[in-house]
Number of protein chains: 2
Amino acid sequence: MLTRLRTVLIGTSHAGNIGGVARAMHNMGLDDLALVAPRSSVIHQDSISRASGADHLLHSARISPTLDDAVADCTFVVGASARSRTLPWPMLSPRALAARLPEETRQPNARVALVFGREDSGLTNDELQRCHAHVHIPTNPDFSSLNLAAAVQVVAYECRTAWLERQATPADDGSADDAGLATHADLERYFAHLEQTLTAVGFHDPDKPRQLMARLRRLYLRARLEPLEINILRGILTATDKASRPPRS
Amino acid sequence: MLTRLRTVLIGTSHAGNIGGVARAMHNMGLDDLALVAPRSSVIHQDSISRASGADHLLHSARISPTLDDAVADCTFVVGASARSRTLPWPMLSPRALAARLPEETRQPNARVALVFGREDSGLTNDELQRCHAHVHIPTNPDFSSLNLAAAVQVVAYECRTAWLERQATPADDGSADDAGLATHADLERYFAHLEQTLTAVGFHDPDKPRQLMARLRRLYLRARLEPLEINILRGILTATDKASRPPRS
């Protein structure tokens, strides 16, 4: 289960924090680190010092230009967030997230991304809306900004605790007819196609979005689509595209 | 409940870690910090930087020469520990510790100490044997040494989570006839008296201790003595002392 968890840091500005995250991850048995557009060096004396022996995670970390790239193969994407923004999104406590992991990591292609934002500003609304769910660490309302490595520590600790509890209970082998879940890349291709189609048909105006795409994302992400369902939905869009094209004159 | 928790750091050698601990504590609503014989400056640019706005905890921290002094008024003392040492001691997970806190903080004079050791060597056996229980954070067995602030973060997070759950359930006002619990200072005075008496009566040889005092500590700490009981036990020792003095010639 723990090997299916990827920790994704977006736009980290302090090398020391990347090292602190690596240490926190490895302490809890999480070893897959991905960095999206880091604003600091990854291999740096501060990161190596704070990693305190876990610097192999820094060397093996994948660096991606975008969140989409970093989580393309993931089937469940969770973003760390302060309290909900403009549009409410499924919100989990770290414990509730961890409790879902045995199920979320059961499918053969399952991979879970735990996404953490910038030290100064967290995740953007656009990034948050690419997530199936958000995780909020309960904090003192008067002093709520956790250090990045501390936030990873809490979430990773809950993941490890759930994993240990799982070890202590009889295994659930899963049923053989699981169809797997759609990956992030599948979903994003679908959302891009959907927006294009909705614009083409005049239902959606990208200049006056009125949160339409956000609401649709929330709906479909909540539904946990299977690959076959994505194919069906995209088939519908393709059919709509064809049907809505102005007839050739 | 959270206001009755004191975080105690022994022999911390990096100012930055003290600041990181202050931030982790304040994020979780814990504000009582005590430092025992710190090996670094407490007010230092590294500690203030890592505290990231929680530096008032550094200014209000009490600095003590010994653990006994720092936890003298505490009724429940828990030490962070790797796996058990020579003598097994009551061992709690962070979650099990947190689950006990509503009860442990119920008495009018209740105060709980969460004790964390040196970055390089943790708590000594002598310090661990001054604790009612030990708390062990589950870690990757191949990479088990947590950063000090990360360890405090995990324990403080569990405390806050237990407190939040407590807020959501009907309050237990406690019974009016609670007698309170013996403080650490009461207990240590008793243990000192006990060792002296046992030596005097020839049952204990401080040069060949054979873990006798450790085993007795474990027994009495587990029993959660009340003040009246301490008085009785010390009365027994005083009576024994008198009875075992060589008769005046």
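Please read all numbers here as calculations on a predicted model, not as lab measurements.

(A) Region of the structure containing the overall build of chain A. Across its full length, chain A holds 10 helices and 7 strands. Its C-alpha atoms give chain A a radius of gyration of 19 Å, within 12% of the compact-globule value 18 Å for 249 residues. Principal-axis analysis of the C-alpha atoms gives chain A an extent of 70 × 45 × 35 Å. Per-residue burial over chain A gives 52% buried out of 249 residues. As displayed, chain A offers around 11400 Å² of accessible surface, 52% of which is attributable to carbon and sulfur atoms.

(B) Expanded view of the environment of E127(A). Residues and elements named next belong to chain A. Looking at the secondary structure, you find E127 in helix α6 (residues 125-128). Residues E127 and P94, spaced 33 residues apart in sequence, show a C-alpha to C-alpha distance of 19 Å. A polar atom in the side chain of E127 sits 2.9 Å from the backbone nitrogen of T124.

(C) Structural detail: the domain arrangement of chain A. All names here are of chain A. Examined at the domain level, chain A breaks down into domain 1 (2-167) and domain 2 (184-244). Once you take the C-alpha centre of each, domain 1 and domain 2 turn out to be 27 Å apart. With 18 residues of domain 1 at the interface, the matching set in domain 2 holds 11 residues. By the criterion of area lost to domain 2, the three top residues of domain 1 are L87, R130 and H132, representing 39% of everything that side buries. In this assembly, domain 1 and domain 2 are joined by 2 salt bridges. R224 is paired through a salt bridge with E104; the nearest N and O atoms lie 2.4 Å apart. On inspection of domain 1 and its partner domain 2, the count reaches 8 residue pairs in polar contact (both at pLDDT 80 or more). Elements supplying a minimum of two residues to the side of domain 1 that touches domain 2: β4 (76-80) and α5 (94-104). When its residues are assigned to classes, the side of domain 1 that touches domain 2 shows 10 nonpolar, 4 polar and 4 charged.

(D) Spotlight on the side chain of Q153(A). Along the chain, Q153(A) turns up in helix α7 (residues 148-167). Aside from chain neighbours lying at most four places away, what touches Q153(A) is A24(A), M28(A), L146(B), A150(B) and V154(B).

(E) Structural view of the packing of aromatic side chains. Residues and elements named next belong to chain B. What the rule picks out here adds up to 6 aromatic pairs over all chains. Pairing Y190 with F191 gives two aromatic rings, centres 5.8 Å apart and planes at 45°, and the pair type is tilted. Judged by its relative accessible area of 2%, F191 falls in the buried class. Geometrically, the ring pair formed by F191 and Y220 is tilted, given 6.4 Å between the ring centres and 50° between the ring planes. Residue F191 is found in helix α8 (residues 184-200), and its partner Y220 is found in helix α9 (residues 212-223); the two are separated by 29 residues along the sequence. Its relative accessible area of 17% is what places Y220 among the buried residues.

(F) Layout of the sheet that holds strand β6 (residues 112-116) of chain B. Residues and elements named next belong to chain B. The strand order across the open sheet built from 7 strands is β3-β2-β1-β6-β4-β7-β5, with neighbouring strands paired in parallel fashion. For this open sheet the edge positions go to β3 (62-64) and β5 (91-92), each flanked by a neighbour on one side alone. Both strand β1 (residues 5-10) and strand β2 (residues 32-36) contribute to a ladder of 5 bridges, which runs parallel. Bridge pairing in β2 links I10 to V36.

(G) Main features of the pattern of salt bridges. This structure, assessed with the given rule, holds 36 salt bridges over all chains. Between E165(B) and R95(A) there is a salt bridge, with the nearest N and O atoms lying 3.8 Å from each other. One end of the pair, E165(B), is in helix α7 (residues 148-167); the other, R95(A), is in helix α5, on a second chain. By sharing partners, the salt bridges in this structure join R95(A), E158(A), E165(A), R95(B), E158(B) and E165(B) into a single network.

(H) Summary view of the pairing of strand β4 (residues 76-80) of chain B. Residue and element names in this part refer to chain B. With 4 of its 5 residues buried, β4 lies for the most part within the structure. Pairing of β4 with β6 involves 4 bridges; the strand directions are parallel. Within β6, the position partnered with V77 by the bridge is A113. Here β4 runs beside strand β7 (residues 133-135); their pairing, made up of 3 bridges, is parallel. Across the sheet, residue G79 finds its bridge partner in β7, namely H134.

(I) Summary view of the environment of R215(B). Structurally, R215(B) is set in helix α9. Between the alpha carbons of R215(B) and T3(B) there is a distance of 32 Å; along the sequence they are 212 residues apart.

(J) Expanded view of the side chain of S47(A). Residues and elements named next belong to chain A. With respect to the element layout, S47 can be found in helix α2 (residues 45-51). There is a polar contact of 2.6 Å between the side chain of S47 and the backbone oxygen of V42. Discounting chain neighbours no more than four positions away, the residues touching S47 are A15, G16, G19, V42 and L58.

(K) Region of the structure containing the nonpolar core. Judged by nonpolar contacts, the single largest core of 84 residues is most densely connected at L9(A), L97(A), L9(B) and L97(B). L9(A) has contacts with I18(A), V21(A), L33(A), A34(A), L35(A), V36(A), F116(A), L148(A) and V152(A), leaving out every residue within four places of it along the chain.

(L) Here's a closer look at the relation of the copies chain A and chain B. Note on the copies: chain A fits chain B at an RMSD of 0.0 Å, the axial shift is 0.0 Å, and the rotation between them is 180°. Taken together, the turn and the small shift mark the pair as related by a two-fold rotation axis. Of the residues that chain A buries at the interface, 100% are likewise interface residues in chain B, meaning the two copies contact each other through the same surface.

(M) Structural context of helix α9 (residues 212-223) of chain A. All names here are of chain A. Helix length check: α9, at 12 residues, gives a terminal C-alpha distance of 17 Å against a target of 16 Å (1.5 Å per residue), a fit within 8%. On its buried side, α9 packs onto α8 (184-200) and α10 (227-244). Where α9 terminates, the next one or two residues include R224, which has phi positive at roughly 55°.

Calculation notes
Along each chain, residues carry numbers from 1 onward, in the same order as the chain's sequence is written. Lettering of chains starts at A and numbering of ligands starts at 1, both following the order in which they are written. Residue-level local features of this predicted model are given only where pLDDT is at least 70; pairs of side-chain atoms are given and counted only at 80 or more, and the full residue set underlies all totals for whole chains, interfaces and linings. Note that the side-chain values use all heavy atoms of the structure and ignore hydrogens as well as water. Strands here are runs of E lasting at least two residues and helices are runs of H or I lasting at least four, both read from the DSSP assignment and numbered beginning at the N terminus. The quantity called the radius of gyration is restricted to C-alpha atoms. Its globule counterpart is 2.2 Å times the number of residues to the power 0.38. Relative accessible area decides the class of each residue, using a 1.4 Å probe on protein chains only: under 20% of the type maximum gives buried, over 50% gives exposed, and in between gives partly exposed. Values of accessible area rely on a 1.4 Å probe in the Shrake-Rupley scheme; residue burial ignores everything except the protein chains shown. Whenever a nitrogen or oxygen atom comes within 3.5 Å of another N or O atom, the pair is scored as a polar contact, on the condition that within protein one atom can donate a hydrogen and the other can accept it, and that pairs from neighbouring residues in sequence are kept only if both atoms are in side chains. Residue ranges for the domains trace back to a domain assignment, done automatically or taken from a database. Residues count as neighbours in contact if any of their non-hydrogen atoms are within 4.5 Å of one another. A quick way to say it: buried area is the sum, across both parts, of accessible area lost when two parts are put together, with a 1.4 Å probe. The term salt bridge refers to a pairing of a side-chain nitrogen on Lys or Arg with a carboxyl oxygen on Asp or Glu at a separation within 4 Å. All residues other than Ala, Val, Leu, Ile, Met, Phe, Trp, Tyr, Cys, Pro, Asp, Glu, Lys and Arg, Gly among them, are scored as polar; the first ten of these are nonpolar and the last four charged. Each Phe, Tyr or Trp ring, with Trp reduced to its six-membered ring, pairs with another whose centre is within 6.5 Å; inter-plane angles below 30 degrees give stacked pairs, above 60 give edge-to-face pairs, and intermediate values give tilted ones. One bridge is not enough; two strands pair if DSSP finds at least two bridges between them. In plain words, nonpolar cores are sets of buried Ala, Val, Leu, Ile, Met, Phe, Trp, Tyr and Cys residues tied together by side-chain atoms within 4.5 Å. Copies are brought into register by a least-squares superposition over C-alpha atoms of residues with pLDDT of at least 70 in both. Helix span, as expected, comes to 1.5 Å for every residue beyond the first.

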